[in-house]
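Examination of the molecular architecture
Listed below are the residues making up each chain.
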Amino acid sequence: TTGIAKRDRVIEIALVYRNYDTMEQRTFYSLVNPINQRSSRAAYAAHKIPDAALASQPTMRDLAPGLLSFIADESIPLVAHNAAFDRRMINYELSGLSLPELDKERFVCTYEMARRMNGTGKGINTLSALCENYTIDTSSRSECHGAMQDTLLLAELYPFLLIDAP
């Protein structure tokens, strides 16, 4: 995102559908042109995507039909680490396009699952810490916070949390 404020924009979107019985996997990924909005310094420090690299990317208006098609099956939960943030950002984009927002009930928050399991100690429920706890290889994750890398790690982590989280 361009930042964490209410009116910041999505600049990278990644979704992974994984059927854990068959291990079928499909992905949806794109950088997103935030149209005349620059990333804050803090956001850039996290994702390392320069504003200039986004100018030629599709806008959310371009991507919304494919995104909504990818998540059309409402029986499949949308799993996210800090789901409230992701839902707020996506819904801001969808509402700006006069499209229906995604229901809160559709989301599963792995951060909240981890908090119920581990408590609220500083840093113990980050995606990195949880992956380390379950010996999930994070070497694909560079020093930046990339949407697809994080989404693929979360797809590996989620089954462990389903077993261990209350």
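These lines cover the structure that appears in this document, whether it is placed above or below.

Criteria and thresholds
- Residues numbered from 1 in each chain as written.
- Predicted model: local features only at pLDDT ≥ 70, side-chain atom pairs only at ≥ 80, totals over all residues.
- Heavy atoms only, no water.
- Patch = residues over 30% accessible without salt bridge, like charges linked within 9 Å, V, L, I, M, F, W, Y side chains within 5 Å.
- Areas by Shrake-Rupley, 256 points an atom, 1.4 Å probe, with all protein chains shown as cover.
- Salt bridge = Lys/Arg side-chain N within 4 Å of Asp/Glu carboxyl O.
- Lys, Arg positive; Asp, Glu negative; His and termini not counted.
- Charge placed at Lys NZ, Arg CZ, Asp CG, Glu CD.
- Helix = DSSP H or I, 4+ residues; strand = E, 2+ residues; numbered from the N terminus.
- Buried < 20%, exposed > 50% of the residue type's maximum accessible area, 1.4 Å probe, protein only.
- Phe/Tyr/Trp six-rings, centres within 6.5 Å; stacked < 30°, edge-to-face > 60°.
- Lys NZ or Arg CZ within 6 Å of the ring centre and 35° of its normal.

Taken together, the side chains of Asp 73, Glu 74, Asp 103 and Glu 105 present a region of like negative charge at the surface. You can see Glu 105 is positioned in the loop between α4 (83–96) and β4 (107–109).

Next up on the list: the pattern of salt bridges. In this structure the tally under the stated criterion is three salt bridges. The residue Glu 93 makes a salt bridge to Arg 9 at a minimum N-O spacing of 2.9 Å. Separated by 84 residues along the polypeptide, Glu 93 in helix α4 and Arg 9 in the segment before β1 (12–18) bring together distant segments of the chain. Accessibility assignment for this pair places Glu 93 and Arg 9 in one class, buried.

This paragraph deals with the packing of aromatic side chains. On inspection of all chains with the given rule, the structure shows two aromatic pairs. Taking the centre distance of 5.9 Å and the plane angle of 45° together, the rings of Phe 28 and Phe 70 count as tilted. Within this pair, whereas Phe 28 is found in strand β2 (residues 25–31), its partner Phe 70 is found in helix α3 (residues 60–70), the two being separated by 42 residues in sequence. Each member of the pair, Phe 28 as well as Phe 70, is classed as buried. Here the aromatic rings of Tyr 134 and Phe 160 are separated by 4.9 Å at their centres, their planes lie at 25°, and the arrangement is stacked. Note that Tyr 134 is positioned in the loop between α6 (127–133) and α7 (147–164) and Phe 160 in helix α7, a separation of 26 residues in sequence. With relative accessibility at 34%, the residue Phe 160 sits in the partly exposed group. Here the basic side chain of Arg 26 rests over the ring of Tyr 17, its NZ or CZ set 4.4 Å away from the ring centre. A cation over a ring is seen here: Arg 26 above Phe 70, with NZ or CZ 5.5 Å from the ring centre.

Remember, this is a structural readout, not a statement about activity or role.
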